[in-house]
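Fold and contact review
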Amino acid sequence: MRPSTHSDVISYVRAHAGAAHIILIDPDDATPDVAAQRCVAAVSAGSRMIFVGGSSGTDEDNVHATVVAIQEALELCKWNASQDAGLSETDWEVPVVLFPQGAAALSTSADAITFMMLMNSLDRRFIIGEQVTGALPLKKANVTPLSMGYLVCAPGGVVGEVGNADLFGPDDADKIQEYATCAEYFGFDLLYLEAGSGANTPVPPNLIQAARESCNLTLIVGGGIRDGQTARQAVQAGADWVVTGNLTEQFDDPDELQRILSEFIINMRST
Ligand code: 1GP
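Model, not experiment: these values are computed from the prediction.

What counts, and at which threshold
- Residues numbered from 1 in each chain as written.
- Predicted model: local features only at pLDDT ≥ 70, side-chain atom pairs only at ≥ 80, totals over all residues.
- Heavy atoms only, no water.
- Near = heavy atom within 4 Å.
- Polar contact = N/O pair within 3.5 Å; in protein donor to acceptor, adjacent residues only side chain to side chain.
- Areas by Shrake-Rupley, 256 points an atom, 1.4 Å probe, with all protein chains shown as cover.
- Nonpolar A, V, L, I, M, F, W, Y, C, P; charged D, E, K, R; others polar.
- Phe/Tyr/Trp six-rings, centres within 6.5 Å; stacked < 30°, edge-to-face > 60°.
- Helix = DSSP H or I, 4+ residues; strand = E, 2+ residues; numbered from the N terminus.
- Buried < 20%, exposed > 50% of the residue type's maximum accessible area, 1.4 Å probe, protein only.
- Pairing = 2+ DSSP bridges.
- Axes fitted to C-alpha atoms, helices over the stretch in contact; angles between N-to-C directions.
- Contact = heavy atoms within 4.5 Å.
- Parallel < 35°, antiparallel > 145°, perpendicular 65-115°, else oblique.
- Left-handed = near helix turned anticlockwise from the far one by under 90°.
- Core = buried A, V, L, I, M, F, W, Y, C linked by side-chain atoms within 4.5 Å.

**Quick notes on the site of the ligand**
In the region of the ligand, 13 residues are neighbours, and E194, S197, G198, G224 and N246 sit closest. Between G223 and the ligand, the recorded distance is 2.9 Å, taken from a backbone N or O atom to an oxygen atom. Relative to its free-state accessible area of 310 Å², the ligand is covered by the protein chains to the extent of 96%. Taken together, the residues of the shell around the ligand sort by class into 3 nonpolar, 9 polar and 1 charged.

Quick look at the structure:
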């Protein structure tokens with residue numbers, strides 16, 4: 001079974017932390033079928049978590065259809081693996097986790113949700129507003145919340161603009177330390193350092209290191225990471241999980257995507 005209770009998902013996230021890969025699927029950029037194909041390729045390559053969401057263009061309909069299509073594809077692959085002694089069923093038990101733009105883009109079928117506070121937003125809506133709107137429906141739907149501090153760094157991209165973020169620059173290691181400590185004291189499960197989807201520069205290693213040294217939260221890093229070497233630098237600086245979204249969207253052929261992500265993950269994990 002895919003992990004879906006809070007303790008199971010957190011145990012899973014911690015057990016796999018350390019040079020682990022997350023594929024981010026934006027329902028605004030792919031049909032549910034294409035999204036499912038991409039996730040099968042990614043999990044075959046070694047991805048261990050699937051995020052579904054985007055900063056714009058997502059709603060309940062396209063998010064829910066995408067989550068369900070991915071879960072069905074994973075279940076089919078798991079069943080196929082069960083018929084072959086050489087394959088592992090558990091490799092397909094990968095959680096499908098919402099990474100939402102707001103309370104209007106949720107799915108009741110998701111295994112979990114990154115229930116985030118955009119801590120450096122100047123807009124109350126992204127610190128507590130959307131969360132208050134979404135909490136009760138999520139609870140009724142039994143979608144597991146993974147509480148997450150979300151820190152957006154320059155250049156920030158669409159999420160920086162939409163989220164009205166007071167972006168952290170490369171010289172803001174001190175501020176990152178303050179925010180990371182604050183995130184730990186809030187009791188969050190996760191801390192995500194974000195440069196923005198498609199960023200021309202990823203989160204600098206010194207900021208990752210500052211976060212790593214000042215809190216004991218599981219650390220996720222993403223935005224503008226397009227190759228395994230850059231991912232390795234993030235891991236060496238302290239990232240537990242690395243997210244890629246745009247990279248995945250460049251390859252229409254699932255076999256090619258699997259090959260590219262396999263190389264990416266091997267490179268990310270090399271010492
Ligand atoms: C965006 O960090 C993620 O929220 C992924 O960014 O699309 O640049 O990989 P990319």
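**Remarks on the packing of aromatic side chains**
As enumerated under the stated definition, the model contains 6 aromatic pairs in all. For the ring pair F99 and Y192, a centre distance of 5.3 Å and an interplane angle of 10° mean the geometry is stacked. With a gap of 93 residues between them, F99 in the loop between β3 (96-98) and β4 (112-118) and Y192 in strand β6 (residues 190-194) connect regions that are remote in the sequence. We classify F99 as buried; its relative accessible area is 9%. Assessed through its relative accessible area of 1%, Y192 is described here as buried. Among the aromatic residues, ring-to-ring pairing joins F51, F99, Y150 and Y192 into one connected group.

**Some details on unusual backbone geometry**
Note on backbone geometry: most residues besides glycine have negative phi, and most peptide bonds are trans. P155 follows A154 through a cis peptide bond whose omega is 5°. Inspection of the secondary structure puts P155 in the loop between β5 (144-152) and α5 (157-162). We note that N142 has phi near 60°; this positive angle belongs to a residue other than glycine. Within the fold, N142 resides in the loop between α4 (124-141) and β5.

**A short note on the sheet that holds β3**
One closed barrel holds the 8 strands; their spatial order is β1-β2-β3-β4-β5-β6-β7-β8, and the pairing between them is parallel. Geometrically, the sheet is characterised by an average inter-axis angle of 30° between neighbouring strands, direction not taken into account.

**Side note on the environment of F51**
As for its placement among the helices and strands, F51 is situated in strand β2 (residues 49-52). Residue F51 is classed as buried on the basis of its relative accessible area, which comes to 1%. For F51 and V63, which are 12 residues apart along the polypeptide, the C-alpha to C-alpha distance reads 11 Å. The contacts of F51, once residues within four sequence positions are left out, are I22, I23, L24, I25, V97, F99, T114, Y192, I220 and V243.

**With respect to the packing of helix α2 (residues 32-45) against helix α3 (residues 60-82)**
A pair of packed helices can be characterised by two numbers: the angle between their axes and the separation between those axes. Packing of α2 against α3 leaves a shortest axis separation of 8 Å and a crossing angle of 45°. On the basis of their axis angle, the class for α2 and α3 is oblique. Considering only the axes of α2 and α3, their crossing is right-handed. Of the residues in α3, those in contact with P32, A35, A36, C39, V40 and V43 of α2 are A65, T66, A69, I70, A73, L74 and C77. Residue classes in the contact of α2 with α3 are distributed as 12 nonpolar, 1 polar and no charged.

**Describing the environment of A195**
Within the secondary structure, A195 is located in the loop between β6 and α7 (205-214). As for A195 and G223, which are separated by 28 residues in sequence, their C-alpha atoms are 4.6 Å apart.

**Some details on the nonpolar core**
Counting residues in hydrophobic clusters, the biggest one holds 91 residues, and the most contacted among them are I50 and F51. Once residues within four sequence positions are removed from consideration, I50 is found in contact with I23, I25, C39, V43, I70, L74, V94, P95, V96 and V97.

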